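# Architecture at a glance
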Amino acid sequence: MTNRPEGDARAERNARREAARQRAQQHRTKQKRRQRGARLGIQIGIGVVLLAAATVITLVLVDSAGPAGPGPDNMSQGGITIGQDLKVQTGTPGGASTPSSSAGADAVRITMYEDYLCPVCGSFEKANGDYIESLVESGAATVDIHPVAILANRSQGTKYSLRAANAAACVADHSPDRFFAFHRALFAEQPAEGTPGLSDADLVDVVKSVDGMQDTKAISDCIADQTYARWVTERTNAVSDGDIPGSSLKTFPGTPLVLVNGQQYQLTNPITNDDFRTFVLSAAGSTDTTATPTPTSSATTTPSASPSASASTD
């Protein structure tokens, strides 16, 4: 066998090493490209996720920071004023400190802040609803009703008090002369605190149960869309922070807050019509009744709703 020259063998080994080195270099290059591609894909994916998250957060912040929108025209201060024959007092924002021109000069002004889930509000209405209705219907008094949603987080996540107050605002907007009747019907159907409360369909049924209710289709749509929910929340938060139209109070004591000619009625236990009627006459500066009182009834009270349980949009 003929041996190859040493130089040729060395050259062949060098060629093999060079070929191996080039293959290794090509492999490393391809691997780096794949790694760069993978990193770029991950970066793009993260960027897309972050952009989407930022967009969602921005939309949420804009939505929450944006104005709640106006309430019903006749609830410019969060309340609606009901006068003689239980008709809405147009052009008289709820909570005004003096009676409207359509009310009698001596008409007593009753102002109420109530939550439709509040059990003490229910007790007050049970004891005094008929009496207040008789005073207002006769023209002896006007009543400003401010629905608030202090207990929005006390109905197993359904936000019943918020939805009920929204429904009241819907009625105030579309059938204001039936507001007082609807207000009373809500208390007649009041669910217990801590339960889911009435559904939106149930609220619509309450609307339809009120004789003379107008534009029930628009009210039903308003309830389903929660048209005034953000406005109710805004007004509830304002009241809880001490913005209490019709009152000189600086802090909100809870619901029900009842004032007669600006004077706060201190709830008794039990709540009775006799006690409230006496307070009305005292606040009005009178010593005798001008409207026939209803039979005295009483209700056992529970602690009133506190501003610390303010409405939530969660």
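Here's a quick rundown of the structure.

Within strand β2 (residues 108-114), seven of the seven residues are buried, which leaves the element mostly enclosed by the surrounding structure. Covered by surrounding structure in β2 are Val-108, Ile-110, Met-112 and Glu-114 together with Arg-109, Thr-111 and Tyr-113, the residues of both alternating faces. When β2 meets strand β3 (residues 141-147), the two strands line up parallel, connected through seven bridges. Note on β3: the bridge partner recorded for Glu-114 is Pro-147. Pairing between β2 and strand β4 (residues 257-260): four bridges, direction antiparallel. Considered in β4, the bridge of Met-112 is made with Val-258.

Turning to the sheet that holds β4, a few remarks are in order. With mixed pairing, the five strands of this open sheet are ordered in space as β1-β3-β2-β4-β5. The open sheet is flanked by β1 (80-82) and β5 (263-264), the only strands paired with a single partner. Across the sheet, helix α2 (residues 119-138) touches β1, β2, β3 and β4, and the angle it forms with β2 is around 155°.

This paragraph deals with a positive patch on the surface. Residues Arg-28, Lys-30, Lys-32, Arg-33, Arg-34 and Arg-36 make up a contiguous surface patch of positive charge. Relative to the elements of secondary structure, Lys-30 occurs in helix α1 (residues 6-65).

At a minimum axis separation of 10 Å, α2 and helix α4 (residues 179-188) run at an interaxial angle of 145°. Where α2 crosses over α4, the handedness of that crossing is left-handed. Across from Cys-121, Gly-122, Glu-125, Gly-129, Asp-130, Ile-132 and Glu-133 in α2, the residues of α4 making contact are Phe-180, His-183, Arg-184 and Phe-187.

What counts, and at which threshold
Residues numbered from 1 in each chain as written. Predicted model: local features only at pLDDT ≥ 70, side-chain atom pairs only at ≥ 80, totals over all residues. Heavy atoms only, no water. Buried < 20%, exposed > 50% of the residue type's maximum accessible area, 1.4 Å probe, protein only. Helix = DSSP H or I, 4+ residues; strand = E, 2+ residues; numbered from the N terminus. Pairing = 2+ DSSP bridges. Contact = heavy atoms within 4.5 Å. Axes fitted to C-alpha atoms, helices over the stretch in contact; angles between N-to-C directions. Patch = residues over 30% accessible without salt bridge, like charges linked within 9 Å, V, L, I, M, F, W, Y side chains within 5 Å. Areas by Shrake-Rupley, 256 points an atom, 1.4 Å probe, with all protein chains shown as cover. Salt bridge = Lys/Arg side-chain N within 4 Å of Asp/Glu carboxyl O. Lys, Arg positive; Asp, Glu negative; His and termini not counted. Charge placed at Lys NZ, Arg CZ, Asp CG, Glu CD. Left-handed = near helix turned anticlockwise from the far one by under 90°.

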